[in-house]
Amino acid sequence: MITIYVDDFNGEIDQKSYDSIINNLSLNTLQCPICKHFGMKIHGYYDRPVKTVAGIIKIVILRVKCLHCGKTHAILLSTLVPYQSIQLKDQIKIIKDDNIKELLESNLYIDENDISRVKRNYNNRFKEMLASEKLTLEEDIIINFFKRFNRQFLQIKRGFNILCV
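A brief structural summary. (Residues numbered from 1 in each chain as written. Predicted model: local features only at pLDDT ≥ 70, side-chain atom pairs only at ≥ 80, totals over all residues. Heavy atoms only, no water.)

Core analysis: the largest hydrophobic core is formed by 26 residues, its most contacted members being Leu130, Phe145, Phe153 and Leu154. When residues of this core are traced back to their parent elements, those giving at least two are helix 2 (88-96), helix 3 (100-106), helix 4 (112-132) and helix 5 (141-149). No other element matches the 6 residues that helix 4 contributes to this core. In this view, Phe153 contacts Val81, Leu88, Ile92, Ile95, Tyr122, Phe126, Leu130, Leu137, Ile141 and Phe145; residues no more than four positions away in its chain are not counted. (Core = buried A, V, L, I, M, F, W, Y, C linked by side-chain atoms within 4.5 Å. Buried < 20%, exposed > 50% of the residue type's maximum accessible area, 1.4 Å probe, protein only. Helix = DSSP H or I, 4+ residues; strand = E, 2+ residues; numbered from the N terminus. Contact = heavy atoms within 4.5 Å.)

Reading across from one edge, 2-3-4-1-5 is the order of the 5 strands in this open sheet, with mixed pairing throughout. Since the sheet does not close on itself, it has two edges, and those belong to strand 2 (40-52) and strand 5 (162-164), each with one partner. Across this sheet, the average inter-strand angle for adjacent strands is 30°, counted without regard to direction. In the sheet, strand 2 pairs with strand 3 (residues 55-66) via 12 bridges, with the strands oriented antiparallel. Bridged to Ile42 within strand 3 is Val64. Along the sheet, helix 1 (residues 15-23) contacts strand 1 (2-4), strand 3 and strand 4 (72-77); its crossing angle with strand 3, the most-contacted strand, is approximately 20°. (Pairing = 2+ DSSP bridges. Axes fitted to C-alpha atoms, helices over the stretch in contact; angles between N-to-C directions.)

Taken together, Ile42, Tyr45 and Val60 make up a surface patch of nonpolar side chains, about 290 Å² in accessible area. You can see Ile42 is positioned in strand 2. On the basis of relative accessibility, which here comes to 47%, the residue Ile42 falls in the partly exposed class. (Patch = residues over 30% accessible without salt bridge, like charges linked within 9 Å, V, L, I, M, F, W, Y side chains within 5 Å. Areas by Shrake-Rupley, 256 points an atom, 1.4 Å probe, with all protein chains shown as cover. Salt bridge = Lys/Arg side-chain N within 4 Å of Asp/Glu carboxyl O.)

Quick look at the packing of helix 2 against helix 4 now. Across the interface, helix 2 lies against helix 4 with an axial gap of 9 Å and an inter-helix angle of 75°. When the axis of helix 2 is compared with that of helix 4, the two are roughly perpendicular. Along its contact with helix 2, which presents Gln91, Ile94 and Ile95, the element helix 4 presents Ile115, Val118, Lys119 and Tyr122. Tallied by class, residues from the contact of helix 2 with helix 4 come to 5 nonpolar, 1 polar and 1 charged. (Parallel < 35°, antiparallel > 145°, perpendicular 65-115°, else oblique. Nonpolar A, V, L, I, M, F, W, Y, C, P; charged D, E, K, R; others polar.)

With that settled, consider the side chain of Gln84. Mapped onto the elements, Gln84 comes out in the loop between strand 4 and helix 2. Judged by relative accessible area, Gln84 falls into the buried class, the value being 17%. Among the polar contacts made by the side chain of Gln84, one reaches the main-chain carbonyl oxygen of Leu154 at a distance of 2.6 Å. (Polar contact = N/O pair within 3.5 Å; in protein donor to acceptor, adjacent residues only side chain to side chain.)

Here you go:
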């Protein structure tokens, strides 16, 4: 997996914003998370559901193949957490207990089960990881978490992931 850093992760994701960022990438500059060589080619696409205020939308995610080792990787934006349908900004609001009632009212597709799952995952796995590295949710959690743990904040499945800034 290759995660492209998006500075403003408070905005809503949609296909147009994803495509805009992806279309400005040079596949030759992407590093393989497995063999560390540079250079990718388009391999395919898949649909990924994301819960937004506009509803559950499907983002068509680009998959690339390393020209050196042949492994394939999804290209995600840092606004998305691998294997999860709730955007990072909304998960951080849930963890902080930051206007959860407002979040539930504005995003009808996030429910109490989602909230309890996000809190449980955070408390069981990530709270201790943050404390061990003296990180807070106030700093740039995406970059700092990748530097220390080689994965996106709140990414449950361990797999290979690399951040492109």
